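Analysis of the macromolecular model
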Amino acid sequence: MPLIETLARMEAAAAGAARPLATVRHRHLSEHPLVFVPLTTSGEAGAPLGALVGTDREKPLLLAVPQPRDRDLRFAFLAELADAVLPYVDGFADGIEWEERKETDPETGKKVPVQVELCADAPQLIVPSGAGIEFVRLMGRSMRFRRTAEQDPETPYPAPPHVPLLGRWFTHFGERAQVPGSCLLLSMTGLLTRHWATGQSALEDQHLGALLSWIDPPPGVSGRAAAERAESARDAEGQLLCPPAGPATDPAFDNRLLAPAMARYDAALPGAHEELRRLVEGQLRPTWDAVWQGNDLLRALPPGARVADRWKRDRWSYTAHRDRVRAGEPPQPKRDDAVTAARKLSSREAAQTQLDAQEALDDPLVMAARRLAGEAFAGTVTGVGMAYSEGARPMPRPLVTLRTDDRPQLSEGAKVHRPLPGGKTQPAAFVAYDDPASGSLTVRLTGGMGRGKVPEPGSVPEPGEAVCWTLFEHAPRGGPERPEPEDTPWTHGGPPATEPSGDAPDPMTAEDFL
Amino acid sequence: MSVPDARLPQVNVSRDSRPAAAAPQTEQPAPKPSLRQRLTELRGPGIRPRALDARALAALASNPGCRRRALLDGAGVDKTALAQALGSPASYGQSRFALARGNSFEARVKADGGAGLLRLLHDRLRPGTPAPGDGEVAVPDLSAAGPEGRAARTALALREATADGGWTLLDHPMLAVEVAGSPAYVEPDAVVVHPDGGWTVVEIKSFPMIDGVADAAKVGAAARQAAVYVLALEKVAGHVAAGTGRPAEVRDRVLLVCPKDFSNLPTAAAVDIRKQLATTRRQLARLTRIEDIAAALPPRTTFDLRLADDGTTATRPAEELAAAVESVGAAYAPECLAACELAFHCRKRSREDGAVESLGRSVRGELGALHTIGEVLTAAAPCTPSPGGAPEDPAAAALRRAAALRAEALAAAPVAGGPAAGPVRDTDGAGAAHGRQEPGCR
């Protein structure tokens, strides 16, 4: 944990209430996110117990499986879920914009601009916690290889229509969620911990109820007291007042309420089905409300300037998967081949670098952490001396002297960058420390001043101006281009098999083994 | 799945056997009570010690610095009841669905006399011997009275199986581990004896292995548990090898059996547990120091709850109990919440003390000699308390710089000046917090 975040946690612990970790919102929040609060049956990997899902906080759709060991009931749940989620996901497919992209012409080998579709907006799924994201991935894996009767009339126990499609979308959401800064699938605990520091450990922050208590406690109660109550307070029957955010249920709920209710359902007692639905809803509803409460808190923060830029990447991701589905491509493989895995890793690394840079530029509080780490420095300009580059056509290379309290890790000639008001970046090179005691140093501007002999107005800082230089690039580029898959060197397994063998669906057995 | 319901035998709980410390007939110091007696005193009269199962031993190994846990577990104190009596009950429990699923899965794995399990084992471990044919797997009966009886029966069965030189599946054998001077009994799901005298521990877990990958944290926990079994088996193997003259070797690769994908059909993977084995061996050896921990306690310290006649209600005042618990140091970290029944109590104390570890183990790294949140915030306060010339603690300097940068950024933030912008209240709280810590600074 960076020292500045440790300090924020300690301030929160001393004050008994959360402290801000960001001054702007660093994630895109959709106007109409789809909130999905799932519950799973304890000990079973592929047996959901219930869910609340929807875009209307007042009217969530309740789905419940009265007996998770019954394959038909599980399938009915998945079918209902697909009916609730897919129209939302598809609802963004047709609102498109045109974007120009450079593509290699297969005949001439030249890069030519082409017009491609980009969806104007994209769906956004919000689950309560990190475990919820994992559950979406798991459900995606369990559904995408299923066969419907339409796909394969011979298949035993065909899945309801749309279920494999939902599996493919859930898999895509789950994969995308691994890209730093992406916003197609978000967890509320992840969102809140990005923006606030609580006075407890990161481990305890995984409890959504406790986390919200620190950030937004009920009136008259300290955040700490409210969090401890949310974690462990139980009613007279031993049930948690604040049920866990799932997908795992509380064992006391399973043993004392759910199991007897399921037994009554199995005995086909009248009213047992309704009772089960009521029980499941009772566990889900507090979490549903908590997710929306968190949503409100986050929306009160102004969005960071570069959030829209990252959301555009999410829109590209959504558009690309829409195209794959429309083209009838097979579902995502069970395991990535070496080439795909390497690409994914490098794109996630690039996204992380980009996210780190953008968050720092958007938010002085994040920049403060980078300054503390010696990766940026801010100060006041004390003098500007005009100088020119050597060569046939001398260009302006002004020397800017500034005073800073920061201790950047600079060596001579190190490149530094500064954001210009128009959104551009001005590069410079570190020259020397003039007086280490007073923090005075000089940099030489190397660009961002136009093409003329005289710098464009406003492109050279004036004495007295406050400037912030970073040692990291503002729009970091990924590493060198990777070879085409067919040129994969033998060190990396050689070219992949010509025809990727489609993954077989999971075998279905006559006995329902769950 | 394999939590043994066996309890340790009642050892030396007769209060009459207590050394006559109270008898003032001589000036000589009372004879030093044995560790076993001391641990019995700690537990309270007539209280049977809790069995230390492999899960508890593995948890102990994951927080080796905690003297409190080492002592309480070593003495066999019922930590669940203790936490309840202290007013900070643990939020543990196992769902009956998970239990039922675990049992049905284990039954399925061991069906048909273990033939399927042996096939999986042979396929995954590739021991270099021919696979067992139908009906070639011996499954000896291990039932006996009491844990010692079962442990003795298991040792005998292992000896016979090794001498026999065939495939043998031991279903739920009982093994003894020496913990702090008294035996603890642990029960693996299964042990397989190979024809070449190799022994393999089999762990059957009900978390899924999806496309050949299982949850890393759960696999780690299973491996730590298996390490306890391997340690317990090594002692028996030594005896068997000496007794039969045939090689008997406990393999350090165990077989982890899990449900495949989303079904209840078994799949398996070999897990190398050499690292866990080394850790657990070291921790268990370290546990012998329980004697030292017990010796450092104030005299007459006990964790006895003084249960009322109903056997569940503690009549001992919580403050008295808390004082007894405080007399032995704990090493609380948030990870304890998932592994120790007393964690909520220790957390409460840790938070009251303002210990920096209550925010996570990693926090300590950058804080040098600062141990409490109060100290850290004081060090971060804007005024310079260092008397002239004294070399400044680099941790304090970094903290002060961090606090100044943080305050500056918050003051400049767009929401900072606005009226109660959502939850971002009191945005100059940094300064306020410092002020509370160091009023003289203003």
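Calculation notes
- Residues numbered from 1 in each chain as written.
- Chains lettered and ligands numbered in written order.
- Predicted model: local features only at pLDDT ≥ 70, side-chain atom pairs only at ≥ 80, totals over all residues.
- Helix = DSSP H or I, 4+ residues; strand = E, 2+ residues; numbered from the N terminus.
- Buried ≥ 20, exposed ≤ 12 C-beta atoms within 10 Å, placed from the backbone.
- Contact = placed C-beta atoms within 7 Å.
- Domains from an automatic or database assignment.
- Axes fitted to C-alpha atoms, helices over the stretch in contact; angles between N-to-C directions.
- Parallel < 35°, antiparallel > 145°, perpendicular 65-115°, else oblique.
- Nonpolar A, V, L, I, M, F, W, Y, C, P; charged D, E, K, R; others polar.
- Pairing = 2+ DSSP bridges.

1. Quick word on the overall build of chain B
From N to C terminus, chain B includes 16 helices and nine strands. For chain B, with 442 residues in total, the buried portion stands at 42%. Restricting to contacts in chain B with at least 6 residues of sequence separation, those with at least 24 account for 66%.

2. Description of the domain arrangement of chain A
What the domain assignment reports for chain A is domain 1 (22-95 + 122-216 + 244-337) and domain 2 (376-470). A separation of 49 Å is found between the C-alpha centroids of domain 1 of chain A and domain 2 of chain A.

3. A few points about the packing of helix α1 (residues 3-15) of chain A against helix α14 (residues 394-412) of chain B
Between α1(A) and α14(B), the shortest axis-to-axis distance is 9 Å and the interhelical angle comes to 75 degrees. Classed by the angle they form, the pair α1(A) and α14(B) counts as roughly perpendicular. Facing α1(A), whose interface residues are L3(A), I4(A), L7(A) and A8(A), α14(B) presents A398(B), L399(B), A402(B), A403(B), L405(B) and R406(B). Each residue belonging to the contact of α1(A) with α14(B) can be placed in one class, and the counts come to nine nonpolar, no polar and one charged.

4. Some remarks on unusual backbone geometry
All names here are of chain B. The residue D112 is not glycine, and still its phi comes out positive at about 45 degrees. Here D112 shows up in the loop between α5 (96-109) and α6 (115-125). In this model, D261 sits at a positive phi of 50 degrees, which is unusual for a non-glycine residue. Secondary-structure assignment places D261 in the loop between β8 (253-259) and β9 (266-272).

5. Structural notes on helix α12 (residues 343-353) of chain B
For α12(B), the complete set of buried residues consists of A343(B), F344(B), H345(B), C346(B), R347(B) and S350(B). Structurally, α12(B) contributes buried residues whose contacts are with α7 (223-232) of chain A together with α4 (79-86) of chain B. Positive phi appears at G354(B), one or two residues downstream of α12(B), with a value of about 70 degrees.

6. What about the sheet that holds strand β3 (residues 48-54) of chain A?
Residues and elements named next belong to chain A. Across the sheet, five strands lie side by side as β4-β3-β2-β7-β8; this open sheet has mixed pairing. Here the strands that pair on one side only, and so sit at the sheet edges, are β4 (61-64) and β8 (185-187). Mean inter-strand twist for the sheet, computed between neighbouring axes without regard to direction, equals 20 degrees. Packing against the sheet, helix α9 (residues 272-299) makes contact with β2 (34-40), β3, β4 and β7 (125-127), and its axis sits at approximately 135 degrees to β2.

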